[in-house]
Amino acid sequence: MRIKKHPILEFKTGKIVKFTFDGRELEGHEGETIAAALHAAGIRTMRESGHLHRPRGLFCNIGNCSSCLMVVNGEPNVRVCVERLREGMNVETQKGKGELK
Amino acid sequence: MRQIEIAIVGGGPAGLAAALNASKLGAQVILIDRNDYLGGQLIKQTHRFFGSKQQRASERGIDIALELANEVMANEKIEVLTEATALGHYEDGVLLVEQAGKIMAIKPERFIVATGGAEKTLLFPNNDLPGVYGAGAVQTLVNVFGVKPGKRVLMVGAGNIGVIVSYQLLQAGVEVAAIIEGAPRIGAYWVHAAKVVRAGVPIYTRHTILRAEGEGEVKGAVIAQLDDNWQPIPGTEREIEADVICLSVGLTPLTELLWQAGCQMTFVPELGGNVPFRNEQLETSVPGLYVAGDVSGIEEASAAMMEGALAGINAAASLGYTSDTLTADRQNVLDQLAGLRSGPVGEKIRKGLAQCSL
Ligand SMILES: Cc1cc2nc3c(=O)[nH]c(=O)nc-3n(C[C@H](O)[C@H](O)[C@H](O)COP(=O)(O)OP(=O)(O)OC[C@H]3O[C@@H](n4cnc5c(N)ncnc54)[C@H](O)[C@@H]3O)c2cc1C
Ligand code: FES
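Everything numeric in this text was worked out from a predicted model, so none of it was measured.

Asker: Sorry if this is basic, but what is going on with a nonpolar patch on the surface here?
Answerer: Where nonpolar side chains cluster on the molecular surface, the patch consists of Tyr189, Val191 and Val345 of chain B and spans about 290 Å² of accessible area. Val345 of chain B sits in the exposed class, given a relative accessible area of 60%.

Below is the structure:
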């Protein structure tokens, strides 16, 4: 959900790029974080915890807490709250610790 | 290995002020931040500043951040490393920094840590569900990226940050169901609180959250009234419909580097958690290692800038740099800091600082 009208802020958005989330094609703005693009598409669950398999989302949004780890272009444990979105990125829900392929 | 006179970790208001003041005296500085921008927490603060009368109050945080960052970028004596994370500081004085997958070793003669703070969480069932956020997280999403965290928010904590972020959510077109606060009184300045109350948001003092509800994601919360011993009063539970629970229950200093460097630390609740012992120069128990800003105790941005200035001046002066106005400049910063921390507003901070002075 994007903010359409704001009384004091203007949002400079990058050009529209396509990326995939668990195989689904989505659009976002280049240069925003992956987490922001996912939230704009209404997606708030980023990974599944290792032991109890509980869903996890964003908590700190500044790269500090590791709540938002996802698999990006095959690489696990990417903090999507600070990783910038680029054209063609392949973003996947991470299960547990993730594996290096 | 890189040799440098002063290395500063953290490019928030404290680190920026430290870099500018140290370089002004003539020192060569490396400024390291893990973000891909400078400014720290300030870049999401779109409101006119609360706090201190003399120090840029009523300017917007984001404007102050941009101004300081531009000044730093234009300064030839300051080398800026962004997307660079400081990993550790070792007995031989070597600082390890990771940038773009590579590790670099830097040996600074003086080291200033200005890593800021991290938001605290609260213990309640389901506090790990997607939809439970720190207030700063929501502020970043809304003010920096223009994206909503959800439709309807329960704000937990009525300090300045909780109330201001609530107001910013309203500006962004997000509904705020209520603000709850455990204490009998709100902590925020009344001018800010009045704005959200006028907009129809109820503030329930002496209330806490018992649990978040929802499978997979937050769908609501159960809140209850507290008695004078902070225990929930049976029968007062009530459900709040909300898809976002925003926690604004304070920050805690990000002190990993200080522990690892061997600084003498102590737990001071008034300053947000574990903090380093420091002298009036802001030097810790490790000689040559200075601290500034939220990492030395959670305060606010004006204090962070003042502390940064002080640490920058002192680190450079200890290397032999001086100027005609050095003593006066240092005294001026100390006076401003004392001013910020005077009166009833500064009482908590003064009490905290008394417990960690060297
Ligand atoms: C939601 C919110 C609203 C606020 N509103 C106000 C307000 O209205 N008025 C006010 O005065 N104050 C306000 N504050 C407080 C103010 O933002 C902080 O006090 C101030 O930013 C602290 O400055 P700092 O430089 O110490 O830390 P920060 O601004 O947190 O900067 C620390 C920097 O260090 C970097 N860093 C941390 N660890 C490492 C590492 N290992 N390697 C490299 N870099 C690292 C971080 O990326 C960050 O950029 C608010 C804070 C929050 C969270
Ligand atoms: S949400 Fe905390 S690291 Fe990303």
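This is not the end of the story, as more comes after the structure.
Asker: Is there a simple way to explain the sheet that holds strand S13 (residues 220-225) of chain B in this structure?
Answerer: Strand pairing in a sheet relies on backbone hydrogen bonds, with the paired strands running either antiparallel or parallel. Residue and element names in this part refer to chain B. An order of S12-S13-S14 is seen for the three strands of this open sheet, with the pairing classed as antiparallel. With partners counted over all chains shown, the strands left at the sheet margins are strand S12 (207-213) and strand S14 (238-241), one partner each. Within the sheet, the average angular offset between the axes of one strand and its neighbour, ignoring direction, is 30 degrees. Where S13 lies against S14, four bridges are found, and the strand directions are antiparallel. Considered in S14, the bridge of Gly220 is made with Glu241.

Asker: Just to check I follow, could you spell out the sheet that holds strand S10 (residues 175-181) of chain B for this structure?
Answerer: Residues and elements named next belong to chain B. In spatial order, the strands read S8-S15-S9-S10-S11; together these five strands make up an open sheet with parallel pairing. Only two strands of the sheet have a single neighbouring strand rather than two, namely strand S8 (132-134) and strand S11 (203-205). Taken pair by pair, the neighbouring strands of this sheet meet at an average axis angle of 20 degrees, ignoring direction. Where S10 meets S11, three bridges bridge the pair, whose relative direction is parallel. The residue of S11 that forms the bridge with Glu181 is Thr205. Of the strands in this sheet, S8 and strand S15 (244-247) are in contact with helix H3 (residues 135-145), which crosses S8 at around 85 degrees.

Asker: Quick question: what am I supposed to make of the pairing of S15 of chain B here?
Answerer: Strand residues, when the strand is regular, have side chains that alternate between the two faces of the sheet. Residue and element names in this part refer to chain B. Neither face of S15 is exposed, since Val244 and Cys246 on one face and Ile245 and Leu247 on the opposite face are all buried. Alignment of S8 against S15, held across three bridges, turns out to be parallel. Bridging across to S15, Tyr133 finds its partner in Cys246. Bridge analysis of strand S9 (residues 152-156) against S15 gives four bridges, and the strand direction is parallel. Across the sheet, Val156 pairs through a bridge with Leu247, a residue of S15.

What counts and what doesn't
- Residues numbered from 1 in each chain as written.
- Chains lettered and ligands numbered in written order.
- Predicted model: local features only at pLDDT ≥ 70, side-chain atom pairs only at ≥ 80, totals over all residues.
- Heavy atoms only, no water.
- Patch = residues over 30% accessible without salt bridge, like charges linked within 9 Å, V, L, I, M, F, W, Y side chains within 5 Å.
- Areas by Shrake-Rupley, 256 points an atom, 1.4 Å probe, with all protein chains shown as cover.
- Salt bridge = Lys/Arg side-chain N within 4 Å of Asp/Glu carboxyl O.
- Buried < 20%, exposed > 50% of the residue type's maximum accessible area, 1.4 Å probe, protein only.
- Pairing = 2+ DSSP bridges.
- Helix = DSSP H or I, 4+ residues; strand = E, 2+ residues; numbered from the N terminus.
- Axes fitted to C-alpha atoms, helices over the stretch in contact; angles between N-to-C directions.
- Contact = heavy atoms within 4.5 Å.

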